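# Understanding the architecture of this molecule
Each chain, written out:
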Amino acid sequence: MNLMAHPLYQTAKHMHNLTKCQISISDFNNSTFLCYPLRSTLFCWTLRETENLRERCKKCDKNAYQICTNKKDVYSYNCHIGLTEIICPIFEGGNPDNNIIGYITLGQIVQSDKKEKCIETISKTCNELGLESTELLEHLNSLPHLQEKEIAALENYAPIIAEYIATHNLLPKEFFNLAYKIRKYIADNLSSELNVPHLCKVFNISKTTLNNTLNEAFDMSATKIIAYERITTAKRLIKQGYLNINAISERVGIYDPNYFSKLFKSATGMTPSEYKKSFKI
């Protein structure tokens, strides 16, 4: 079965369409099965390009999951950079008296009446680390902005979906877990070295296993997925309009501007510059 046809993927997709949040579903060890949308938001992707901020994110996430586990209930919190996230446990059989077998996470949300406080936190954090905050603040506008009552509604909605996932036995098998992890790794590491030998080394699998796994789950080889994720992310960055074309090319791991332009045109029918102009008409 193609992973995108899996009932869990469709459930996450429907949740995203309702909430506009990224929906992440993970197991008890916080190993993510899948996200929808697959790619991180431009805000979080940019944030985690910096090692210090990436480590703060990991520490914050770990602490939040531990609190949720201890509470055995929905946990809504503000992350280290000021965004709101919601974690909901998934119980075996859908019964809160049973063990936790997974989690649903909804984020990253800008609480509308606290946006100025969030901007202040981002600016202060970047200043402390000697980083430029302009790009992060630009990406902040692309995140879902929800009112406090809307966030409270999500806190009540998440356990219903968690129970549905548990009672319908929708948590995926290991095969889909591997396919998802490989594709998520590609999406989150576009500016790094990405090729078949590197992926085989990271996941300790053969080239045949790599491509068979991805073809069965996504109908695409590793090379095609890498190209697809790079072009898709480049389109998002071009559409937002903050970075120039050369900077975008480097951000998606293509350091030859001419090759980037050729690859982009092959995929979209337009050069990056033409694509950028199409949003100004």
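Let me sum up the structure you'll find in this document. (Residues numbered from 1 in each chain as written. Predicted model: local features only at pLDDT ≥ 70, side-chain atom pairs only at ≥ 80, totals over all residues. Heavy atoms only, no water.)

### So, the packing of helix 10 (residues 222-240) against helix 12 (residues 257-268)
At a closest axis distance of 11 Å, the pairing of helix 10 and helix 12 adopts a crossing angle of 95 degrees. Comparing their axes, helix 12 and helix 10 come out roughly perpendicular. The residues of helix 12 that touch helix 10, namely those facing Ile231, Ala234, Lys235 and Ile238, are Phe260, Leu263, Phe264, Ala267 and Thr268. Partitioned by chemical class, the residues of the contact of helix 10 with helix 12 number seven nonpolar, one polar and one charged. (Axes fitted to C-alpha atoms, helices over the stretch in contact; angles between N-to-C directions. Helix = DSSP H or I, 4+ residues; strand = E, 2+ residues; numbered from the N terminus. Parallel < 35°, antiparallel > 145°, perpendicular 65-115°, else oblique. Contact = heavy atoms within 4.5 Å. Nonpolar A, V, L, I, M, F, W, Y, C, P; charged D, E, K, R; others polar.)

### Here's the deal with the side chain of Glu229
With respect to the helices and strands, the residue Glu229 is situated in helix 10. A distance of 3.0 Å separates a polar atom in the side chain of Glu229 from a polar atom in the side chain of Arg183. (Polar contact = N/O pair within 3.5 Å; in protein donor to acceptor, adjacent residues only side chain to side chain.)

### Focus on the nonpolar core
Formed by 32 residues in total, the largest nonpolar core has its most connected members in Ile186, Leu199, Leu210 and Phe260. Breaking this core down by element, the ones donating at least two residues are helix 2 (42-47), helix 7 (174-188), helix 8 (196-203), helix 9 (207-218), helix 10, helix 11 (245-251) and helix 12. Beyond its immediate sequence surroundings of up to four residues, Leu199 is in contact with Tyr185, Ile186, Leu194, Leu210, Ala222 and Ile226. Grouped together as the second largest cluster of nonpolar side chains are 30 residues, Ile23, Ile86, Leu106 and Leu146 included. (Core = buried A, V, L, I, M, F, W, Y, C linked by side-chain atoms within 4.5 Å. Buried < 20%, exposed > 50% of the residue type's maximum accessible area, 1.4 Å probe, protein only.)

### Topic: helix 8
Every buried residue belonging to helix 8 is among Val196, His198, Leu199, Cys200 and Phe203, and all of these are buried. With a side-chain oxygen positioned 2.8 Å from the backbone nitrogen of His198, the residue opening helix 8 is Asn195. Just downstream of helix 8 lies Asn204, where phi reads positive at about 55 degrees.

### What to know about the pairing of strand 1 (residues 22-27)
Counting buried residues in strand 1 gives six out of six residues, a clear majority hidden from the surface. Judged by which residues are buried, strand 1 turns out to be covered on both faces: Gln22, Ser24 and Ser26 on one side and Ile23, Ile25 and Asp27 on the other are all buried. Note that strand 1 and strand 2 (residues 32-36) share four bridges and pair antiparallel. Of the residues in strand 2, the one forming a bridge with Ile25 is Leu34. The hairpin turn running from strand 1 into strand 2, its antiparallel successor, is four residues long, and Asn30 in that turn takes a positive phi close to 60 degrees. (Pairing = 2+ DSSP bridges.)

### Some thoughts on the pattern of salt bridges
Evaluated as defined, the whole model comprises five salt bridges. The salt bridge involving Lys58 is made with Glu55; its shortest N-O contact spans 3.7 Å. Of the two residues, Lys58 and Glu55 both sit in helix 3 (residues 51-71), three residues apart, roughly one turn of that helix. Classification of Glu55 as partly exposed rests on a relative accessible area of 40%. Between Arg251 and Glu135 there is a salt bridge, with its nearest N and O atoms 2.7 Å apart. Taken as a pair, Arg251 in helix 11 and Glu135 in helix 5 (residues 134-140) lie far apart in primary sequence, 116 residues in all. (Salt bridge = Lys/Arg side-chain N within 4 Å of Asp/Glu carboxyl O.)

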